[in-house]
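The primary structure of each chain is shown beneath.
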Amino acid sequence: MLNNFNPKILVKHEHYGLIDDYFRYLDLGLNHYSKENISPQTKKQKLELLEKALRKDFPIKNSLISRLQSSFIKENLSLYLLLDPLHAWRHQADGKILTSEEQLSEFTNLFISPAARLILALYDENPATYLPLSSLFATLFLLDVFQSKTPLATAVKISKRKKISKLKGLIKNASVILSLVKSKRLKFKLALAINRTKIILKNYENNKQSNSLVLDSIAVFLYSVWQFMSVKHKTLEKVKL
């Protein structure tokens, strides 16, 4: 879903289970509501039942929903982080086919932005950081969509040049987050993630696989260390957010 990127590396060890469960929740929903052998009416009914189940204590203990609800209560997280992805799944349930870059962008934002908000909420970061991390996740999600040619975007007609331009714009927006986050741990982890994504994007642009995973990893690590040391934290007033 995120081009083999494991999002739990961004959080502390005690939150690994929550992140695993949350992204499994996203992945299951994305796959289920894109199935063509299920009627739109049935999908809508299932979404209504899911929303009702999320809004009250789920009776089946140790189920995915039950674990998520328990984790959200423990971490004092908003229920809307579970409900908001349903907006994207309703789009799928309606049987609407994505045919333009704008529609794909809208769907991607609806689907992936709650995950960015969740991770930053665990660090109690300012809401101004939500959009940059959403941009990073959108870059990874779209790279996965474009490279695997998933049914989600088969009807979207975008040239390779436009795809590259869009992805470069997203990763540029994502890079702003390094000067905004308060957590030093998160800042370094984000630097690693952003620089790794830039290499994946470069390889995608040049139609090639990475020639040396070891060299790439070393380059990503060293450049991330340099960014960690050199990129200074800015107040929201300084960056006018």
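Trainee: It is not clear to me how the nonpolar core should be interpreted in this structure. Could you clarify?
Mentor: Nonpolar side chains in soluble globular proteins generally cluster together in the buried interior. Counting residues in each nonpolar core, the largest one holds 71 residues, and the members touching the most others are Y22, Y25, W89, L133, L136 and F137. For Y25, the residues in contact, after removing those within four places along its chain, are L50, L54, L64, L68, L82, P85, L86 and W89.

Trainee: How should I be thinking about the environment of V156 in this particular structure?
Mentor: By the secondary structure assignment, V156 is in the loop between helix 7 (130-148) and helix 8 (160-175). For V156 and I97, which are 59 residues apart along the polypeptide, the C-alpha to C-alpha distance reads 8.6 Å. Here V156 is in contact with L98, T99, S100, E101 and L104, once residues within four sequence places are set aside.

Trainee: In this structure, what is going on with the confidence of the model for the protein chain? I would like to understand it.
Mentor: Caution applies to low-pLDDT regions: their predicted coordinates should not be interpreted in detail. In this model, the protein chain carries a mean pLDDT of 90, and residues with pLDDT of at least 70 account for 96%. By mean pLDDT, helix 11 (residues 236-239) is the weakest element of the protein chain at 47, and helix 4 (residues 80-83) is the strongest at 97. Low pLDDT, under 50, characterises residues 237-241; the predicted model gives this stretch five contacts beyond four residues in sequence or across chains.

Trainee: Is there a simple way to think about the side chain of T108 in this case?
Mentor: Mapped onto the fold, T108 is located in helix 6 (residues 101-122). Not counting the four nearest positions on each side in its chain, T108 is found in contact with S113, A138, F141 and L142.

Trainee: How should helix 7 be read in this particular structure?
Mentor: The end-to-end C-alpha distance of helix 7 is 27 Å, a good match for the 27 Å that 19 residues give at a rise of 1.5 Å each. At the C-terminal side of helix 7, K149 shows a positive phi close to 55 degrees.

Trainee: Explanation requested: a nonpolar patch on the surface in the structure shown.
Mentor: Together, V214, L215, I218, F221, L222, V225 and M229 line one region of the surface with nonpolar side chains, adding up to about 690 Å² of accessible area. By secondary structure assignment, the location of I218 is in helix 10 (residues 213-230).

Trainee: I would appreciate a short explanation of the packing of aromatic side chains in the present structure.
Mentor: One pass over the structure, following the stated rule, counts eleven aromatic pairs. Geometrically, the ring pair formed by Y25 and W89 is edge-to-face, given 5.2 Å between the ring centres and 75 degrees between the ring planes. With Y25 in helix 1 (residues 16-32) and W89 in helix 5 (residues 85-93), this residue pair connects regions lying 64 residues apart in the sequence. Accessibility classification places Y25 together with W89 in one group, the buried group. Measuring from ring centre to ring centre gives 5.4 Å for F111 and F141, while their planes differ by 45 degrees; the resulting arrangement is tilted. Taken as a pair, F111 in helix 6 and F141 in helix 7 lie far apart in primary sequence, 30 residues in all. Summarising the burial analysis for this pair, F111 and F141 share the class buried. A connected cluster of aromatic rings, assembled from ring pairs, spans Y22, F23, Y25, Y33, F72, W89 and F137. For K160, the ring lying beneath its charged end belongs to Y204, and the centroid distance is 4.6 Å.

Trainee: Would you take a moment to explain the pattern of salt bridges for this structure?
Mentor: Two side chains bearing opposite charge may form a pair once their charged atoms approach each other closely. Enumeration according to the criterion identifies seven salt bridges in this entry. In this structure, D21 engages R67 in a salt bridge whose closest nitrogen and oxygen atoms are separated by 3.0 Å. Here the residue D21 occupies a position in helix 1, and R67 occupies one in helix 3 (residues 64-75), the gap between them amounting to 46 residues. On the basis of relative accessibility, which here comes to 11%, the residue D21 falls in the buried class. Residue R67 is classed as partly exposed on the basis of its relative accessible area, which comes to 28%. By sharing partners, the salt bridges in this structure join E51, R55 and R90 into a single network.

About the cut-offs
Residues numbered from 1 in each chain as written. Predicted model: local features only at pLDDT ≥ 70, side-chain atom pairs only at ≥ 80, totals over all residues. Heavy atoms only, no water. Core = buried A, V, L, I, M, F, W, Y, C linked by side-chain atoms within 4.5 Å. Buried < 20%, exposed > 50% of the residue type's maximum accessible area, 1.4 Å probe, protein only. Contact = heavy atoms within 4.5 Å. Helix = DSSP H or I, 4+ residues; strand = E, 2+ residues; numbered from the N terminus. pLDDT = per-residue confidence, 0-100. Expected span 1.5 Å × (residues − 1). Patch = residues over 30% accessible without salt bridge, like charges linked within 9 Å, V, L, I, M, F, W, Y side chains within 5 Å. Areas by Shrake-Rupley, 256 points an atom, 1.4 Å probe, with all protein chains shown as cover. Salt bridge = Lys/Arg side-chain N within 4 Å of Asp/Glu carboxyl O. Phe/Tyr/Trp six-rings, centres within 6.5 Å; stacked < 30°, edge-to-face > 60°. Lys NZ or Arg CZ within 6 Å of the ring centre and 35° of its normal.

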